[in-house]
Every structure is written in C-alpha cells, then in structure tokens.
Amino acid sequence: MKLQNILYSAAMAAMAIALGSCSNIDEDERLIEVDKPHVNRPVLIEDFTGQWCANCPNATDELEQLTETYGKDAIIGVAIHSGPQGYQGGTDEMPGLMTDLGNEYYNHFGIEYQPQGQVNRGGKLAYTAWAAAVYTEIQKTPLMNIAVDNDYSSTTRKLTINTKVEGVEGIGTIANCKLQVWLIEDGIKSIQVMPDGSYNQQYILNHVFRDAVNGTWGEPVIVSEDAAAEKTYTYDIPAKWNADNVSVVAFVYDSNGVQQVVKKSIVNK
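Residues numbered from 1 in each chain as written. Predicted model: local features only at pLDDT ≥ 70, side-chain atom pairs only at ≥ 80, totals over all residues. Heavy atoms only, no water.

(A) Representation of the overall build of the chain in the model. Each helix and strand in the chain was counted, giving four helices and 16 strands. The buried share of the chain, reckoned over its 269 residues, is 43%. Taken as a whole, the chain presents about 14,300 Å² of accessible surface, with 50% of it coming from carbon and sulfur. (Helix = DSSP H or I, 4+ residues; strand = E, 2+ residues; numbered from the N terminus. Buried < 20%, exposed > 50% of the residue type's maximum accessible area, 1.4 Å probe, protein only. Areas by Shrake-Rupley, 256 points an atom, 1.4 Å probe, with all protein chains shown as cover.)

(B) The environment of G187, seen in detail. Of note, G187 is situated in the loop between β9 (173-185) and β10 (188-193). C-alpha separation for the pair G187 and N242, spaced 55 residues apart in sequence, amounts to 8.6 Å.

(C) Structural view of helix α4 (residues 130-137). Residues of α4 that are buried include every one of W130, A133, V134 and E137, and no others. Projected down its long axis, α4 carries its buried residues within an arc of 100°, all on one side. Looking at the buried positions of α4, the neighbouring elements they touch are β1 (43-49), α2 (56-70), β2 (75-81), β5 (116-119) and β6 (124-125). (Arc of directions from axis to C-beta. Contact = heavy atoms within 4.5 Å.)

(D) Local environment of the pattern of salt bridges. A full pass over the atoms with the stated rule returns eight salt bridges. A salt bridge links K240 to D92; the nearest nitrogen and oxygen atoms lie 3.2 Å apart. Taken together, the residues span a long stretch of sequence, with K240 in the loop between β14 (229-236) and β15 (246-254) and D92 in the loop between β3 (88-90) and β4 (95-97) at a distance of 148 residues. D92 matches K240 in its accessibility class, with the two residues each being exposed. Taken together, the salt bridges that share partners define one network made up of R41, E137 and K140. (Salt bridge = Lys/Arg side-chain N within 4 Å of Asp/Glu carboxyl O.)

(E) How the structure looks around the packing of α2 against α4. At a minimum axis distance of 11 Å, the contact between α2 and α4 shows a crossing angle of 30°. When the axes of α2 and α4 are compared, the pair comes out roughly parallel. As α2 packs across α4, the resulting crossing turns out to be right-handed. Residues A59, E62, L63, L66 and Y70 of α2 pack against W130, A131, V134 and Y135 of α4. (Axes fitted to C-alpha atoms, helices over the stretch in contact; angles between N-to-C directions. Parallel < 35°, antiparallel > 145°, perpendicular 65-115°, else oblique. Left-handed = near helix turned anticlockwise from the far one by under 90°.)

(F) Inspection of the environment of Q114 at higher detail. By secondary structure assignment, the location of Q114 is in the loop between α3 (100-108) and β5. Sequence separation between Q114 and H81 is 33 residues, and the spatial gap between their C-alpha atoms is 9.9 Å. When neighbours within four sequence positions are excluded, Q114 is seen to be in contact with F48, T49, G50, C53, C56, S82, G83, P84, Q85 and Y106. One polar contact links the side chain of Q114 to the main-chain carbonyl oxygen of T49, over a distance of 2.9 Å. (Polar contact = N/O pair within 3.5 Å; in protein donor to acceptor, adjacent residues only side chain to side chain.)

As far as function goes, none of this settles anything; it's purely spatial.
Laid out in structure tokens, this is it:
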C-alpha cells in the first residue's frame with residue numbers, strides 16, 4: 001500500500017511539473033502559424049473512387065480541404081469512378097458513375113485499392129498522403145501555360161473547345177508531351193456508401209470524370225516558347241448531363257508526370 005501511495009504521489013508531482021511548465025508559455029507562443037507556400041502551378045489529383053466504397057467520402061473530404069487551403073484554381077480534382085467498388089448503369093434518379101474508360105485508367109495505373117489517387121501522376125498514393133505531395137508540386141516552376149476557351153450552345157448542346165499551349169520563356173522546345181482534354185461534372189445526386197456503412201441516396205458527387213474528348217491518352221503536342229500549339233475539339237454534351245455543372249480539364253503530361261493543368265466551365269457564370 002505504501003508503495004502505491006509513493007507511486008501515486010510521484011505521478012501527481014510529475015503532472016504538476018508538466019502543467020507548471022505549460023503555464024509558463026505565453027498564449028500567443030503556443031501555436032506557430034506556418035504560411036502556406038506560394039502556388040507556382042496548379043495540381044491535378046486523380047481520385048480513383050467508387051460509389052460502393054465506404055472510405056471514398058473521406059478522400060472527397062481531403063480533396064475539398066486541399067481546395068479550401070490552396071484555392072479552386074490550384075487544386076483540380078477528377079473523381080474517376082472505377083474498379084470493383086464502382087457502380088455502373090443505375091437509373092436516371094440514381095445513376096451509376098463508373099465508366100469503361102475509367103476502368104481502363106484504373107487497370108493501366110495498377111490501382112490497388114479505393115480510395116487511391118495520383119498527384120500530378122507522381123505515383124499511387126493513399127488520400128492521407130495527398131497533402132504532402134501537393135505541397136511539393138505546387139512549388140515547382142511551371143514549364144508551360146494552357147489556355148482554354150469554351151463555346152457551348154444550349155440549343156444544340158454542342159461544345160467547341162479551343163486550347164492553346166505555350167512554353168514559358170527560356171524552356172526552348174519540349175517534345176514527347178501529350179495534351180489530354182477531359183470533361184467532368186459537379187453536383188450529381190446519387191447513392192454513396194458512407195464511412196459508417198450507411199447508404200446515402202442523396203449524396204452529391206462532384207468533379208466526376210465523364211469522358212475524354214481527344215482519346216484515351218490524348219494526343220502529342222510540341223511545347224515551345226516560340227510558337228503556341230493550338231488545337232480545337234468539338235463534343236456533343238449528352239442530355240442527361242447538367243451543362244451548367246460541366247467543366248473542361250485540360251492537362252499536358254510526359255514521362256515525368258503532369259506538367260500543367262487547367263479547368264474551365266463550359267458555361268459562363
């Protein structure tokens with residue numbers, strides 16, 4: 001009993017010392033605010049997800065947090081519904097958002113589980129590692145700029161996409177690049193399995209990959225500081241898509257990953 005009392009007294013004394021030490025720190029000095037880095041270039045996050053994936057809403061929350069931190073122009077997310085936990089087909093009221101093309105990307109990149117993603121195609125990452133990768137990528141010096149101009153007719157639902165890629169001063173010419181143009185849609189209401197195992201039939205799914213405009217892997221483009229590479233594409237927006245929520249995501253990538261990316265709505269708001 002005496003030994004217990006001695007141990008208890010020693011523990012309380014240690015706690016008192018610890019609390020006393022904390023109280024000596026000024027309130028304003030307890031937290032050190034670290035400035036977020038300057039965004040030199042935007043970042044593409046490919047989020048391989050599925051409506052039957054209970055952990056995938058956690059990745060969505062992480063993506064939204066990164067967007068809030070760095071800005072919607074700096075973080076460009078694309079939710080690629082695919083894999084064994086994807087949902088294809090469905091009904092008009094509860095659509096499945098998995099696509100054959102999404103599954104092709106899923107298999108090509110060897111996605112091992114969901115949610116898993118890529119930041120500027122720098123390799124497969126759990127969503128808990130996205131923030132660190134983004135922190136690194138946004139500080140890199142951009143080698144090029146991409147401009148997108150959309151012309152959409154609500155009457156014919158035909159979309160014309162004009163793209164321009166220009167190298168920054170001093171880079172010379174970069175070959176072996178590809179320009180990829182995708183379409184994504186926000187605000188789609190459908191079913192989603194939640195982290196607690198429940199089924200949310202009113203879940204809002206954003207930045208959903210819809211289709212590739214210029215082929216599965218895009219097309220070659222030569223990036224030069226002396227001459228802009230300009231390409232124009234047309235696409236008929238399906239009646240089931242809400243054109244007001246559709247955006248073009250255009251990016252240039254090479255063997256080193258995504259070099260530049262831009263997102264632009266097809267409807268002026």
